[in-house]
Amino acid sequence: MLLPSESIGIEPPSTNVCRSTPMQSPSFSTRVEPPGLRNKQLADLGITEVNLGDKESADLEFNAVLIAEDKADRTVEDGADSSEIDTPIRVTSKVGADFKFSEVGTPTSNIRADSECSEVEDHGQHQHRHWDFFLSHKQSNAQDTVQNLMMILTARLPGVSFWLDIEQDPTEKGMRHGVQNSKDVLIYLTTGLVESKYCQMEMRWALEFEKNIILVMETDERHGKPSIDTLITSCPPDLKHIFAENVIIPWYRDPEFREISVEKIIRARSVKKAGPTVLAESTTKLKFMTRSKSSDSGGGDVFDWTFVYFTVLCGVALPGAGKKTKAWSMAVRIILLTCGCMCLSRVFTTEGPAFWDTGTIVQIVVAHPIIFLFLHVTLTILKSPLIADLLENRIDAPVEAKLLRLKTRIGTCVAALLTVSLSFWGWAAYLPAFFDMYYLESASQQRPATLLLFGLAHGLTWVLILPLFFGSLFASLLMMFVLQELSFMALLTSFNELSPEFTGTGITATVATNSGLNINELDLYHFQVSFIENWKIYKALQWRASIPFVVFWFLEFGLMSWSLWSLSQGFEADPSDPRVDRLRENWFLRVRLSWFLGSSLWFGAGAWIVALTPFGVSYYAWRMEMQAKQILFTHPGLRHSFLAFLAGFDLNFRVLFLHATVRLLPLYVCILIVNTVGFDADAVRIWRAV
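With an unreviewed UniProt entry as reference, the protein is termed TIR domain-containing protein, source organism Polarella glacialis.

A. Layout of the overall build of the protein. For the protein, the helix and strand inventory stands at 24 helices and 11 strands. Taken over 690 residues, the protein has a buried fraction of 49%. Long-range contacts, defined here as pairs at least 24 residues apart, represent 81% of the contacts in the protein between residues at least 6 apart. Of the roughly 31,700 Å² of accessible surface on the protein, a fraction of 60% belongs to carbon and sulfur atoms.

B. Examining the packing of helix α18 (residues 521–568) against helix α23 (residues 636–647) more closely. Where α18 meets α23, the closest approach of the two axes is 11 Å, and the angle between their N-to-C directions is 10°. Viewed along their axes, α18 and α23 adopt a mutual orientation that is roughly parallel. Across from Glu 521, Leu 524, Phe 527, Gln 528, Phe 531 and Ile 532 in α18, the residues of α23 making contact are Leu 638, Ser 641, Phe 642, Phe 645 and Leu 646.

C. Representation of the packing of helix α10 (residues 305–313) against helix α16 (residues 450–494) in the model. Direction vectors running N to C along α10 and α16 enclose 130°, while the axes themselves pass 8 Å from each other. By the angle between their axes, α10 is oblique relative to α16. With respect to the hand of their crossing, α10 and α16 are arranged in left-handed fashion. From α10, Phe 307, Phe 310, Thr 311 and Leu 313 reach across to α16, where they touch Leu 468, Gly 471, Ala 475, Leu 478, Met 479 and Val 482. The residue makeup of the contact of α10 with α16, split by class, is 8 nonpolar, 2 polar and no charged.

D. Structural view of the confidence of the model for the protein. Looking at the protein, the pLDDT average stands at 78 and 77% of residues meet or exceed 70. Here residues 1–128 is a poorly scored stretch, pLDDT under 50, and it has 185 contacts once near neighbours within four places are set aside; other chains count. pLDDT under 50 marks residues 270–284. Its contacts with residues more than four places away, or in other chains, come to 33 contacts.

E. Fine view of the environment of Ile 213. Structurally, Ile 213 is set in strand β8 (residues 212–218). Here Ile 213 falls in the buried class, since its relative accessible area comes to 6%. In this structure, the C-alpha to C-alpha distance between Ile 213 and Val 247, residues 34 residues apart in sequence, is 9.5 Å. Excluding anything up to four places from it in sequence, Ile 213 contacts Val 185, Ile 187, Ala 206, Leu 207, Ile 242 and Asn 246.

F. Inspection of the nonpolar core at higher detail. Trp 462, Leu 486, Phe 495, Leu 498 and Phe 642 are the most contacted members of the largest nonpolar core, which has 126 residues in total. Among the elements that take part in this core, α16 stands out by supplying 23 residues, more than any other. Judged by nonpolar contacts, the second largest core, of 24 residues, contains Ala 206, Phe 209, Met 217 and Leu 231.

G. Up close: the packing of aromatic side chains. Per the counting criterion, the structure on display carries 42 aromatic pairs. With centroids separated by 5.1 Å and ring planes inclined at 85°, the aromatic side chains of Phe 374 and Phe 549 adopt a geometry described as edge-to-face. Of the two residues, Phe 374 sits in helix α12 (residues 358–383) while Phe 549 sits in helix α18, which places them 175 residues apart along the sequence. Using a relative accessible area of 0% as the deciding quantity, one classes Phe 374 as buried. Owing to a relative accessible area of 3%, Phe 549 belongs among the buried residues under this scheme. Here the basic side chain of Arg 579 rests over the ring of Trp 356, its NZ or CZ set 5.6 Å away from the ring centre. Of note, Arg 592 hangs over the ring of Tyr 430, and the distance from its end group to the ring centre comes to 4.0 Å.

H. Structural context of the pattern of salt bridges. Summed over the entire model, instances satisfying the criterion amount to 19 salt bridges. Of the charged contacts, one joins Arg 253 and Glu 218 as a salt bridge, the two residues approaching to 2.7 Å between their closest N and O atoms. A residue pair is termed long-range when its members are at least 10 positions apart, and Arg 253 in the loop between β9 (248–251) and α9 (255–273) and Glu 218 in strand β8 qualify at 35 residues. Overall, the relative accessible area of 0% leaves Glu 218 in the buried class.

I. Main features of helix α4 (residues 139–156). Across its 18 residues, α4 extends 24 Å between first and last C-alpha, which sits within 8% of the 26 Å expected from 1.5 Å per residue. Of all the residues in α4, the buried ones are Ala 142, Gln 143, Asp 144, Thr 145, Val 146, Gln 147, Asn 148, Leu 149, Met 150, Ile 152 and Leu 153.

J. Spotlight on the pairing of β8. Of all 7 residues in β8, 7 are buried, a share of seventy percent or more. You can see the chain leave strand β7 (residues 182–189), run along helix α6 (residues 197–208) and come back into β8, and the turn it takes is right-handed. As defined by bridge partners, β8 adjoins β9 across 4 bridges and the pair is classed as parallel. Counterpart to Met 217 in the pairing with β9 is Pro 250.

K. Quick peek at the sheet that holds strand β6 (residues 162–163). Spatial ordering of the open sheet is given by β6-β5-β7-β8-β9, a layout of 5 strands whose pairing is parallel. The open sheet has two free edges, formed respectively by β6 and β9, since each of these has just one partner strand. Running over the sheet, α6 touches β5 (131–136), β7 and β8 and is turned about 145° from β5.

L. Local environment of the UniProt feature "transmembrane region" (unreviewed entry) in the protein. Residues given the UniProt feature "transmembrane region" (unreviewed entry) here are residues 302–318, 330–349, 361–382, 410–430, 450–483, 545–565, 601–622 and 666–687. As annotated, residues 361–382 has a helix share of 100% and a strand share of 0%, and its two end C-alpha atoms lie 32 Å apart. Counted over residues 545–565, helix gives 100% and strand 0%. Its end C-alpha atoms are 33 Å apart.

M. Representation of a nonpolar patch on the surface. Among the surface-exposed residues, Phe 435, Met 437, Leu 440, Leu 452, Leu 456, Leu 460 and Val 463 lie close enough to one another that they form a single nonpolar patch of about 550 Å² accessible area. Looking at the nonpolar patch, the elements with two or more residues in it are α15 (437–440) and α16. Per-element tally for the nonpolar patch: the top contributor is α16, with 4 residues. Summarising the element assignment, Phe 435 is placed in the loop between α14 (398–434) and α15. Taking the relative accessible area as the measure of exposure, Phe 435 reaches 30% and is therefore partly exposed.

Conventions adopted
Residues numbered from 1 in each chain as written. Predicted model: local features only at pLDDT ≥ 70, side-chain atom pairs only at ≥ 80, totals over all residues. Heavy atoms only, no water. Helix = DSSP H or I, 4+ residues; strand = E, 2+ residues; numbered from the N terminus. Buried < 20%, exposed > 50% of the residue type's maximum accessible area, 1.4 Å probe, protein only. Contact = heavy atoms within 4.5 Å. Areas by Shrake-Rupley, 256 points an atom, 1.4 Å probe, with all protein chains shown as cover. Axes fitted to C-alpha atoms, helices over the stretch in contact; angles between N-to-C directions. Parallel < 35°, antiparallel > 145°, perpendicular 65-115°, else oblique. Left-handed = near helix turned anticlockwise from the far one by under 90°. Nonpolar A, V, L, I, M, F, W, Y, C, P; charged D, E, K, R; others polar. pLDDT = per-residue confidence, 0-100. Core = buried A, V, L, I, M, F, W, Y, C linked by side-chain atoms within 4.5 Å. Phe/Tyr/Trp six-rings, centres within 6.5 Å; stacked < 30°, edge-to-face > 60°. Lys NZ or Arg CZ within 6 Å of the ring centre and 35° of its normal. Salt bridge = Lys/Arg side-chain N within 4 Å of Asp/Glu carboxyl O. Expected span 1.5 Å × (residues − 1). Right-handed = clockwise from strand over helix to strand, strands pointing away. Pairing = 2+ DSSP bridges. UniProt positions renumbered as here; feature names shortened; annotations may be inferred. Patch = residues over 30% accessible without salt bridge, like charges linked within 9 Å, V, L, I, M, F, W, Y side chains within 5 Å.

See the structure below:
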């Protein structure tokens, strides 16, 4: 206990201080007129004058209230004269100044004005402050009870934080900041609350910032028990719906009933939190479309402009695209199907140098609907409400967003390079054949006139289709990578429920500090609710994106029979193969064979890129597991619960028979090797014969 002669000068750490002359401006002080009980409560502690900072005066006053409250209640119950304890106490508070508790009318000249603070920067004082509860109440009849409520909730939820006027900045700006940066606004209903100007402002701010409102009502007439009808009648029209939309929780002082009230408060808060995570104004809202090439164009555009333009040119209409972009996206899909049908006609036109064999034509024909499927599924996902919800409400990971911008830029450069190189390679393999004089001079050589139309139509089509053919495939794969990144960022956003440090510095940097997180069971519960919701979106996107991959791998399994047969034929030359003579006569057919060896969607690099893309998800599963194990908690029991909870969620790509896990990766690689080597064996036999 502090003796009257003790003086403790403690300055709040968040206040910038500097030497100055004595401070006299009343704008730096807060005056509170507590109830009459306060005089006797402080007198019981032997306190007449103490030199304290804001927080320390509040704590001392709070302790006095707690010690004396039960005694006061018992005194009233025993019929004692309330006038004996009805002399009010005035508490005068200044930042860094002395505090004097005295009876009204007694001089308060001992308040020191030699504070080291002459300037308070509101912006710095309010920055990066967040609370779990904002306590809205009427001071004249609820100050003591709210402090008692705060103590009980703190004991039930260790680490929970509160915005209370006597501990924070009670100015209008400070109160607005407190409501905006609190998760829940607890309104303690007493007589006269709805008539209070400041309580009305707090309720309007709670509605403005869409906060979770919890109504708690006083049940003791000695402490301002209100009439619900009177409250609603006296309430301004724009606030009446608060009472209709929220359940009112009665507050009891009896320990047994009080425990029920506390449980209801926690549940009221939890029920509101059980839905999709409501992010603060600092949320990194991600956008796809941008009208400027500047990295600062939209503030929230984390996708590089090269990524946006590449995907649009390749037929991927991103969210926010205009009518022309959407029309082009539809045109690309029509072109892909049309060209697939045109390629099919080549099976029936075996005349001329453009024809080499039926097998390569079948590869091209089947590849068109597969690429169409990739593109169509990607566009369908982008139009789904899942993506809108993901971008607008579920991602608050600024550090990961910056990395995603870099990743998309690198991925776009690689995809564009592959598209251009494979297109030129394909043009060299096909255009000389289609524009060969065999087709162009067909009329003068007494050949069918349709051969001229055949050569021109296929040649011009290949000029257009090859960039779209490869670009659409790589753009779709790149977009699926981005969607995977976004869904993983949503999972990382769930960690913000554990600590605000994850938002500012990211999970990797926070883990690297090796500092324990001081969280409670409610924080862990909020994390679990948010993680479950985001994990459902994560898996839903996987299932939707899996359709083309499942079809592709089904065909790869089917190709193994031909590949095994080809391997059984060995690598020796086969002069009897009719393709050998065609290769000897036309150099561009040899280029075509090399193009299929290098870029085939079924046997070349294209097959490996598409087939192994789902296995990239294993990286996110590994990263989540490693970083979760490195997170430290001040409560070991919560850490065990945290790890056990995460262990129950599989992040790997598992859809039907396609289980893209690290353990099964060797099996799938073996299938790819068999198909690739089987096709290579066929090519080697031809090359040796040539």
